[in-house]
Amino acid sequence: MAIPDFQTIMLPLLRLAANGELSIRDSEEKLACEFNLTESETQELLPSRADFTFRNRVRWAKTYLGKAGLVVSTKRGHFQITERGKDVLKENPKRVDINLLSRFDEFRDFRQIGKDAPDSDETGNIAKVVQVTTQTPDELIRNIHGEIENALRKELIDRILNSTPSFFEKVIVSLLLAMGYGGSRGDAGRAIGKSGDGGLDGVIDEDTLGLDRVYIQAKRYKPENPVGEPEVRGFAGSLQGARRAKGCL
């Protein structure tokens, strides 16, 4: 069984709290049994590896119930149901989620988005996404961040592929410097372009005197056309012809 989302956890958690004061740790164990989670599922980590996914979702579920006034903290790591929470259970809901919690003023205040922002389609769309998502807030932020990174990565690759050969060679040298070649010196690398030795496009000095160098050949192919064995052999021949020991293709 897949790990339930945090809204699916809300109703079972509220029912547990109806039995008396409960520690968040005990609630995690009881809910894991209720959802028939395996040990490997309860030990599954978030992408950030900062917490266990299931534990993180249980705690977000408890936080949201608390913001709606359905449970209240009693002491560190413990909570219990409130009269409002009992009233909700008396309704015998099939599900407790953000839509149900939004009937309470305290919860709406907690979740209010763009309170002072002017009405716009963009603001409305953001609110709609948060309203229907099954992800916890930190999961939503990570996914949105990932989508932005992917879009930015694609845009950068497109721009690089459409750039001039000399610009591409400079980008490759800058990338290798950022990866640690040449140490901490910003001027350790340079593109040599048309003046290159036997098709070598750049060079990085690994020591201050330039006695130990890495020579670079930059191949700007389309993503679906990887560098093949002939190109690797040709680059090796260029290094050998120039009597160079180190190279990066």
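Keep in mind that this is a model prediction, so the values were computed, not measured. (Residues numbered from 1 in each chain as written. Predicted model: local features only at pLDDT ≥ 70, side-chain atom pairs only at ≥ 80, totals over all residues. Heavy atoms only, no water.)

> Hey, could you go over the pattern of salt bridges for me, with residue numbers and the actual values?
Within the structure shown, the criterion is met by 9 salt bridges. For Arg84, the salt bridge identified is with Glu106, shortest N-O distance 3.1 Å. Separated by 22 residues along the polypeptide, Arg84 in helix H5 (residues 83-90) and Glu106 in helix H7 (residues 105-111) bring together distant segments of the chain. Look at Glu106 and you get partly exposed, because its relative accessible area is 39%. When salt bridges that share partners are traced, they join Asp5, Arg95 and Asp97 into one network. (Salt bridge = Lys/Arg side-chain N within 4 Å of Asp/Glu carboxyl O. Helix = DSSP H or I, 4+ residues; strand = E, 2+ residues; numbered from the N terminus. Buried < 20%, exposed > 50% of the residue type's maximum accessible area, 1.4 Å probe, protein only.)

> Tell me about the nonpolar core, and please be specific about residues and values.
Soluble, globular proteins show a tendency: their nonpolar side chains are buried together. Counting 32 residues, the largest nonpolar core has Phe54, Leu65, Val96 and Leu101 as the members making the most contacts within it. At the level of secondary structure, the elements contributing two or more residues to this core comprise helix H1 (6-17), helix H2 (24-34), helix H4 (53-67), strand E3 (78-81) and helix H6 (98-101). Of the residues forming this core, the biggest block, 8 residues, is contributed by H1. Among all residues touching Val96, those that are not within four sequence positions of it are Gln7, Met10, Leu11, Leu14, Leu65, Val88 and Leu101. Core analysis: the second largest hydrophobic core is formed by 6 residues, Val173, Leu176, Ile204 and Ile216 among them. (Core = buried A, V, L, I, M, F, W, Y, C linked by side-chain atoms within 4.5 Å. Contact = heavy atoms within 4.5 Å.)

> Please provide a residue-by-residue account of the sheet that holds strand E1 (residues 22-23), values included.
The sheet built from 3 strands is open, its strands ordered E1-E3-E2 with antiparallel pairing. Two strands bound the open sheet, and with one partner strand each, they are E1 and strand E2 (71-75). Two elements, E1 and E3, share 2 bridges in a ladder whose sense is antiparallel. The partner of Leu22 across the bridge, within E3, is Phe79. (Pairing = 2+ DSSP bridges.)

> Summarise helix H9 (residues 137-161); cite the residues concerned and give the values.
Look at H9: 36 Å from first C-alpha to last across 25 residues, which is about the 36 Å you get at 1.5 Å a residue. All of the buried residues along H9 are Asp138, Glu139 and Leu140. (Expected span 1.5 Å × (residues − 1).)

> Mind laying out the packing of aromatic side chains, listing which residues take part and the relevant values?
Under the definition given, this model contains 5 aromatic pairs. Centre to centre, the rings of Phe6 and Tyr64 are 5.1 Å apart; their planes meet at 85 degrees, and the pair counts as edge-to-face. A residue pair is termed long-range when its members are at least 10 positions apart, and Phe6 in helix H1 and Tyr64 in helix H4 qualify at 58 residues. On the basis of relative accessible area, Phe6 is assigned to the buried category, the value being 1%. Centre to centre, the rings of Trp60 and Tyr64 are 6.0 Å apart; their planes meet at 75 degrees, and the pair counts as edge-to-face. With a gap of 4 residues between them, Trp60 and Tyr64 both fall in helix H4, about one helical turn apart. Three or more aromatic residues joined by ring pairs make a cluster, and in this case those are Phe6, Trp60, Tyr64, Phe107 and Phe110. (Phe/Tyr/Trp six-rings, centres within 6.5 Å; stacked < 30°, edge-to-face > 60°.)

> Which residues make up H2, and what are the values?
Considered for burial, the residues of H2 that qualify are Ile24, Ser27, Glu28, Leu31 and Ala32. For H2, the angular spread of the buried residues around the axis is 135 degrees, confining them to a single face. The exposed residues of H2 that point more than 90 degrees off its buried face are Arg25, Glu29 and Cys33. Summarising the contacts, the buried residues of H2 are in contact with H1, E1, helix H3 (39-42), H4 and E3. Just beyond H2, the residue with positive phi is Asn36, at close to 55 degrees. (Arc of directions from axis to C-beta.)

> Account for the packing of H1 against H5, naming residues and giving values.
In the contact formed by H1 and H5, the axes pass within 10 Å of each other and the chain directions differ by 115 degrees. Crossing of H1 over H5 shows left-handed handedness. Residues Leu11, Leu14 and Arg15 of H1 lie in contact with H5, whose contacting residues are Gly85, Val88 and Leu89. (Axes fitted to C-alpha atoms, helices over the stretch in contact; angles between N-to-C directions. Left-handed = near helix turned anticlockwise from the far one by under 90°.)

> Explain the side chain of Asp97 to me, and be specific about the residues and the numbers.
The residue Asp97 is located in the loop between H5 and H6 in this model. There is a polar contact of 3.1 Å between the side chain of Asp97 and the side chain of Arg95. For Asp97, the side chain forms a polar contact with the main-chain nitrogen of Asn99, separated by 3.2 Å. Setting aside residues up to four positions removed in sequence, Asp97 forms contacts with Gln7 and Met10. (Polar contact = N/O pair within 3.5 Å; in protein donor to acceptor, adjacent residues only side chain to side chain.)

Such coordinate-based values are descriptive only and should not be taken to indicate function.
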